[in-house]
Amino acid sequence: MESERYNAREAEPKWQKFWDEAGTFLTGTDAARPKYYVLEMFPYPSGRIHMGHVRNYAMGDVIARYKRAKGFMVLHPMGWDAFGMPAENAAMQNKSHPADWTYANIATMRTQLKSMGLSIDWTREIATCDPSYYKHQQKLFLDFLAAGLVDRKQAKVNWDPVDHTVLANEQVIDGRGWRSGALVEQRELTQWFLKIAAQADDLLAGLDTLEHWPEKVRLMQKNWIGRSEGLLVRFELVPGPAVDTRELEVYTTRPDTLFGAKFLAIAPDHPLAQKLAESDPALKDFIIECSHRGTSVAAIETAEKKGYDTGLKVRHPFDDNWGLPVYVANFVLMDYGTGAIFGCPAHDQRDLDFANTYGLGNQPVILPPGADPASFVITTQAYDGEGTLFHSRFLDGLSIPEAKEEVAKRLEAAVFDGRPIAKRQINFRLRDWGISRQRYWGCPIPIIHCESCGVVPVPEKDLPVELPKDVTFDQPGNPLDRHPTWKHVACPICGGPARRETDTMDTFVDSSWYFLRFTDPKDQAEPTDAAAVSRWMPVDQYIGGIEHAILHLLYARFFTRAMRMTNHADELKEPFTGLFTQGMVVHETYKGLDGAWVAPADVRIEQTPEGRKAFRLDNNGAEVEIGPIEKMSKSKKNVVDPDEIIESFGADTARWFMLSDSPPERDVIWTQEGAQNVSKFLQRLWRLTGELAELASAPDIPKPTVFSPPAMELRKAVHGALIKVGEDLDRLRFNRAIAQVHDLANKVSAAVGAVETPEISDDLRFAFREAGDIMVQLFAPMMPHLAEECWARLGHKVLVAETAWPIAEPALVVEDVISLPVQVNGKKRGDLVIDRTADQAAIESAVLALDFVQKALEGRPVKKIIIVPQRIVNVVG
Ligand code: ANZ
Ligand code: ZN
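Residues numbered from 1 in each chain as written. Chains lettered and ligands numbered in written order. Predicted model: local features only at pLDDT ≥ 70, side-chain atom pairs only at ≥ 80, totals over all residues. Heavy atoms only, no water.

## Brief notes about the site of ligand 1
Here is step 1: For ligand 1, the set of nearby residues contains 17 residues, the closest of which are S228, T252, T253, L333 and Y336.
Here is step 2: Here S228 contributes a side-chain N or O atom positioned 2.7 Å from an oxygen atom of ligand 1.
Here is step 3: Secondary structure elements with two or more residues in the shell around ligand 1: strand 11 (247–252) and strand 15 (340–343).
Here is step 4: Per-class residue counts for the shell around ligand 1 are 8 nonpolar, 6 polar and 3 charged. (Near = heavy atom within 4 Å. Polar contact = N/O pair within 3.5 Å; in protein donor to acceptor, adjacent residues only side chain to side chain. Helix = DSSP H or I, 4+ residues; strand = E, 2+ residues; numbered from the N terminus. Nonpolar A, V, L, I, M, F, W, Y, C, P; charged D, E, K, R; others polar.)

Printed below as a string of structure tokens:
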């Protein structure tokens, strides 16, 4: 028995096949039982799974298996976020077709995921690139269009003038196209938008209901939506050269700082700037220069602050004799507020950087608490904190909110050209969602453009608009656009020659509703089925990376609302009740003497007297430098391949290690040693189960009525662990649940080791039976293959995956000790921890022996000790 080893390589595929054939993980249909929908963010079929996937899916699988055992009907599906640029890039490089590349990757990754032993209902698998999926997405688009949730308007895109193609923000690197290296231009294109901005208020309010989301994610969404209360202020332009407007309107959230204003600035594409540029070639050049940069917020924020003095002046709204210069500035965006600002350098860092560059000076108007008004100055660091107004005439002495209110009131009452100078306004940072992409490998937008009828939706009976298969990728640009026939169609209204929309949808659209589709992925007629949505939604636990904290989750929340409005999502308000964002998988880095990175698979680690050292497996075992622990990345070669890990250790070991080593929200450091330790522990569990199988009574022996102390002790350890593992799994504290299993295994081992004769009493046999069963059930969600094997070894005929979670006996989990608050003369001084059954006399002497009691008595004799049983002790002295 001792020498027998558990062979993961044989057992794992065996059980996977068994589950598969038995349909163990098909979604339950018992409507009388509660449902649980657990979902991990579905993968992009990039080629192979990585360790991050292993961690993500191991977590979801533990929850799915645990909830299933707890009696829930569990929905745990899997699919593929299958459209996107990498498939097109691969097509260009390998002269393959994006569909072939994608489906081949899906096949590989499906096999890999299956080798992890995930409890997934594979009959619900979907791929977003499949016409059977995107057909419904096109229908949703048309319904959104009819419901007024879609817009078509001009928007700026990054244009690569060499490749003649639109670039995503990520494809613009330092202002240049990632492939061509050409300076990127900003171009206006007519694009399709989903009107998410109109939902800003509701998306914001909904965040308050998401109590099972990480606070951090809610905050990130809140900031992204960016609600701000501010003031529109009209500045009067000082009459001067060639402009026909008499005013310039700005948006500000800090009207309190108006007396610190040093300049006004407008966006390069502000109409006034455009107008001035007509007669000012230098300004025109400046505007063109500004257009050579990415449209991303990051690109704008990190760019050096630059401006152009227009020569225009405006009047300060509180002082006709105070003129302020008007600049065109690269950090002012046209599509926020009014595309114009007043700059207060003392209290805004961007304004300060700008003012320092152009010698505009600054005037502090907010005095920080405790600062000396005579000496407080600003040089390179703007002050944006709390304080009191100064250098601000009638505002002096006011707090910031009071000053904001005062300025608003006065300017609302003041009139220029027959209208109030200022108006309060609430702004959102959230913009409408531009979904047009000039790419092939995406969901076609189901629209036809007709010269006489305009924009015509594709009739529903003609859906899906399928992507043509015969496309070429030998030149840049959109293959749909240059396809010889695909875009030429008859207009559905007038029958005349018309042109298909050749833009496809942003792939974020595909992932914005897949979780709804999973509730009934077979329905061919409709995107969703109301009954299925009401049964399964919302997702009870969603798990994924923090990198999706903003866009994906926000778009999914918007889609849920839009689908509800168009009768595709029943009464659903929010899609994900619980959200969990797991940490990354990180690994040591290794560097050879030549400075090149070395992969972990090519390295052997050794404990030497001088500490851990690493040596190459090739190159005569040369030593390599152990570098910092970093996120696994191809560039640093510090990746380990899940296939290799599963091949050498088995999936259970990989799963267990991923879950055991650190709290799930933190990064986990993958190490070979760690995996080896898990593998040893797995063998230990296997041996222990074998020993228990010999000592234990048969599975169906009735429970004895009395238990001897050793049996009782074992039972208490087992039931205690059962409670704790349950609590930990409920709270997704996988690492703690695993620590409990370790602890229990130690206790069970000790009990087994204490057995001296083969003739043991029935009650102890029963306790061993129970210990074996429960221990296996407790690690089954994490190590499902080993658990099945152990379960069979314990004599069970039904799968552990089909067995209900055990129920703890309350009498066995009552804590033996209690903690009583101890007061001295009515004031709490500490706690007494004592046996629950301790009598009056025992409590009295224990209390008097406490240091803090003696100290509090300060030598006085004790007059009385009052004991409220199980509640409190008061010593009177
Ligand atoms: C004067 C001022 C003084 C400002 C100060 C800030 C600090 P949020 O909170 O995001 O709404 N702003 C307004 N429109 C802008 C645009 N189109 N492009 C760039 N910046 C713009 O931010 C509002 C603040 O951002 C506004 O308040 C404005 O600068 C700037 F000590 O006005 B503030
Ligand atoms: Zn027509």
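There's more to say after this.
## With respect to helix 5 (residues 131–146)
Here is step 1: Compared with the 22 Å implied by 1.5 Å per residue over 16 residues, the 22 Å span of helix 5 between its first and last C-alpha is a close match.
Here is step 2: All of the buried residues along helix 5 are Y133, Y134, H136, Q137, Q138, K139, L140, F141, L142, D143 and F144.
Here is step 3: The positive-phi residue at the C-terminal boundary of helix 5 is G148, with phi of around 80 degrees. (Expected span 1.5 Å × (residues − 1). Buried < 20%, exposed > 50% of the residue type's maximum accessible area, 1.4 Å probe, protein only.)

## Describing the packing of aromatic side chains
Here is step 1: Enumeration according to the criterion identifies 38 aromatic pairs in this entry.
Here is step 2: Between the aromatic rings of Y440 and W441, the centroid separation amounts to 5.9 Å while the plane-to-plane angle is 25 degrees, which identifies the pairing as stacked. The two residues Y440 and W441 agree in class, both being buried.
Here is step 3: Pairing Y542 with F576 gives two aromatic rings, centres 4.1 Å apart and planes at 20 degrees, and the pair type is stacked. Here the residue Y542 occupies a position in strand 28 (residues 539–545), and F576 occupies one in strand 29 (residues 576–582), the gap between them amounting to 34 residues. Residues Y542 and F576 agree in their burial class; the two are buried.
Here is step 4: Taking the ring centre of W486 as reference, the NZ or CZ of R500 above it sits at 5.3 Å.
Here is step 5: Directly above the aromatic system of W536 lies the positively charged group of R535, at a separation of 5.2 Å from the ring centroid. (Phe/Tyr/Trp six-rings, centres within 6.5 Å; stacked < 30°, edge-to-face > 60°. Lys NZ or Arg CZ within 6 Å of the ring centre and 35° of its normal.)

## A few points about the nonpolar core
Here is step 1: Y514, F515, F559, W670 and F779 are the most contacted members of the largest nonpolar core, which totals 180 residues.
Here is step 2: Filtering out sequence-adjacent residues up to four positions away, W670 remains in contact with M51, V585, V586, H587, M632, V640, I645, A654, F657, M658 and A675.
Here is step 3: One finds L248, L272, C290 and I366 within the second-largest nonpolar core, a separate group that totals 41 residues. (Core = buried A, V, L, I, M, F, W, Y, C linked by side-chain atoms within 4.5 Å. Contact = heavy atoms within 4.5 Å.)

## With respect to the sheet that holds strand 1 (residues 35–40)
Strands belonging to one sheet form pairs held by backbone hydrogen bonds; the direction of such a pair is parallel or antiparallel.
Here is step 1: Strand order in this open sheet of 4 strands is 2-1-28-29, and the pairing throughout is parallel. Here the strands that pair on one side only, and so sit at the sheet edges, are strand 2 (73–75) and strand 29. With strand direction ignored, the average angle separating the axes of adjacent strands in the sheet is 20 degrees.
Here is step 2: Bridging between strand 1 and strand 28 involves 3 bridges; their strand directions are parallel. Residue pairing for strand 28: L39 is matched across the bridge by Y542.
Here is step 3: Contacting strand 1, strand 2, strand 28 and strand 29, helix 2 (residues 51–69) runs over the sheet at an angle of about 175 degrees to strand 1. (Pairing = 2+ DSSP bridges. Axes fitted to C-alpha atoms, helices over the stretch in contact; angles between N-to-C directions.)

## Some details on the side chain of E12
Here is step 1: Here E12 is to be found in helix 1 (residues 8–22).
Here is step 2: Despite its burial, E12 pairs with no opposite charge; the closest candidate is R655, at 7.7 Å N-O.
Here is step 3: Within the structure, E12 has its side chain in polar contact with the backbone nitrogen of D652 (distance 3.0 Å).
Here is step 4: When residues no more than four places from it in sequence are discounted, the contact partners of E12 are Y6, S115, I646, G650, A651, D652 and H785. (Lys, Arg positive; Asp, Glu negative; His and termini not counted. Salt bridge = Lys/Arg side-chain N within 4 Å of Asp/Glu carboxyl O.)

## Regarding the packing of helix 19 (residues 651–660) against helix 20 (residues 672–695)
Here is step 1: It is the contact of helix 19 with helix 20, at a shortest axis distance of 9 Å, that shows an interaxial angle of 115 degrees. Of the two elements, helix 19 crosses helix 20, and the hand of that crossing is right-handed. Of the residues in helix 20, those in contact with D652, T653, W656 and F657 of helix 19 are G674, A675, V678, S679, F681 and L682.
Here is step 2: Residue composition of the contact of helix 19 with helix 20, by class: 6 nonpolar, 3 polar and 1 charged. (Left-handed = near helix turned anticlockwise from the far one by under 90°.)

## Let's talk about the environment of V233
Here is step 1: Here V233 shows up in strand 10 (residues 227–237).
Here is step 2: It is 11 Å that separates the C-alpha atoms of V233 and F416, two residues lying 183 residues apart in sequence.
Here is step 3: Setting aside residues no more than four positions away along its own chain, V233 makes contact with L248, E249, V250, T252, P317, L411, I421 and A422.

## A word on helix 12 (residues 400–413)
Here is step 1: Between the first and last C-alpha of helix 12 there are 20 Å, a value that for 14 residues agrees with the 20 Å anticipated at 1.5 Å per step.
Here is step 2: The complete set of buried residues in helix 12 reads I400, A403, V407, A408 and L411. Down the axis, helix 12 shows its buried residues gathered within 135 degrees of arc, on one side only. Looking at helix 12, the residues exposed on the side facing more than 90 degrees away from the buried face are P401 and A413.
Here is step 3: Those residues of helix 12 hidden inside the fold are in contact with strand 10, strand 16 (366–367), strand 17 (388–389), strand 19 (419–420) and strand 20 (422–428). (Arc of directions from axis to C-beta.)

## Structural notes on the sheet that holds strand 38 (residues 872–876)
Here is step 1: Strands sit in the order 36-35-38-37 across an open sheet of 4 strands; the sheet is mixed. Edge strands, defined here as strands with exactly one partner in the open sheet, are strand 36 (827–835) and strand 37 (864–868). Direction aside, the axes of adjacent strands within the sheet are offset by 25 degrees on average.
Here is step 2: On the sheet, helix 26 (residues 840–848) packs against strand 35 (817–824), strand 36, strand 37 and strand 38 and is oriented at approximately 130 degrees with respect to strand 36.

## Notes on the coordination of the zinc ion (ligand 2)
Here is step 1: Those donors, C450 (SG), C453 (SG), C491 (SG) and C494 (SG), are the protein atoms that reach the zinc ion (ligand 2), and they lie 2.2 to 2.3 Å from it.
Here is step 2: Here the zinc ion (ligand 2) binds 4 donor atoms, and the angle range of 106 to 113 degrees at the metal identifies the geometry as tetrahedral.
Here is step 3: All donors of the zinc ion (ligand 2) come from a single chain, and their spacing in sequence reads C-x2-C-x37-C-x2-C. Taken together, the residues C453 in the loop between strand 23 (447–450) and strand 24 (454–457) and C494 in the loop between strand 25 (488–490) and strand 26 (497–500) connect sequence positions 41 residues apart. (Donors = N, O, S within 2.8 Å, 3.2 Å for Na, K, Ca; no water. Tetrahedral: all angles 85-135°; square planar, octahedral: opposite > 155°, others 65-115°.)

## Some words on the pairing of strand 37
Here is step 1: Every second residue of strand 37 is oriented toward a common face, the buried set being I865 and I867 and the non-buried set K864, I866 and V868.
Here is step 2: Where strand 37 lies against strand 38, 5 bridges are found, and the strand directions are antiparallel. Across the sheet, residue V868 finds its bridge partner in strand 38, namely I872.
Here is step 3: Following strand 37, the chain reverses through 3 residues before pairing antiparallel with strand 38; Q870 in that reversal takes a positive phi of roughly 65 degrees.

## A word on unusual backbone geometry
Here is step 1: A cis amide bond, omega 0 degrees, links L463 with the succeeding residue P464.
Here is step 2: Its place among the elements puts P464 in the loop between strand 24 and helix 13 (479–482).
Here is step 3: Unlike most non-glycine residues, E858 shows phi in positive territory, near 45 degrees.
Here is step 4: For E858, the location among the structural elements is in the loop between helix 27 (851–857) and strand 37.
Here is step 5: Here E858 falls in the exposed class, since its relative accessible area comes to 64%.

## Topic: the side chain of E770
Here is step 1: With respect to the helices and strands, E770 occurs in helix 23 (residues 762–779).
Here is step 2: In contact with E770, other than residues within four places in its own chain, are R715, V718, H719 and E809.

## Digging into the packing of helix 19 against helix 22 (residues 734–753)
Here is step 1: As a packed pair, helix 19 and helix 22 sit with axes 7 Å apart at the nearest point and diverge in direction by 115 degrees. By the angle class used here, helix 19 and helix 22 are roughly perpendicular. Between helix 19, through W656, L659 and S660, and helix 22, the contact on the second element is made entirely by F734, N735, I738, V741 and H742.
Here is step 2: Of the residues in the contact of helix 19 with helix 22, the class split is 5 nonpolar, 3 polar and no charged. (Parallel < 35°, antiparallel > 145°, perpendicular 65-115°, else oblique.)

## Overview of the pattern of salt bridges
Here is step 1: In total, this model carries 51 salt bridges according to the counting rule given.
Here is step 2: Here E673 ties to R612 by a salt bridge, and the two come within 2.9 Å at their closest N and O atoms. Taken together, the positions of E673 in helix 20 and R612 in strand 32 (residues 611–616) put the pair 61 residues apart, joining distant regions of the chain.
Here is step 3: Residue R612 is classed as partly exposed on the basis of its relative accessible area, which comes to 30%.
Here is step 4: Linking R769 and D773 is a salt bridge whose minimum nitrogen-to-oxygen distance equals 2.9 Å. Note that R769 and D773 are positioned in helix 23 at a spacing of 4 residues, about one turn of the helix. Note on accessibility: R769 and D773 belong to one class, buried.
Here is step 5: Salt bridges here are not isolated pairs; linked through shared partners, they connect D202, R557, R561 and E574.

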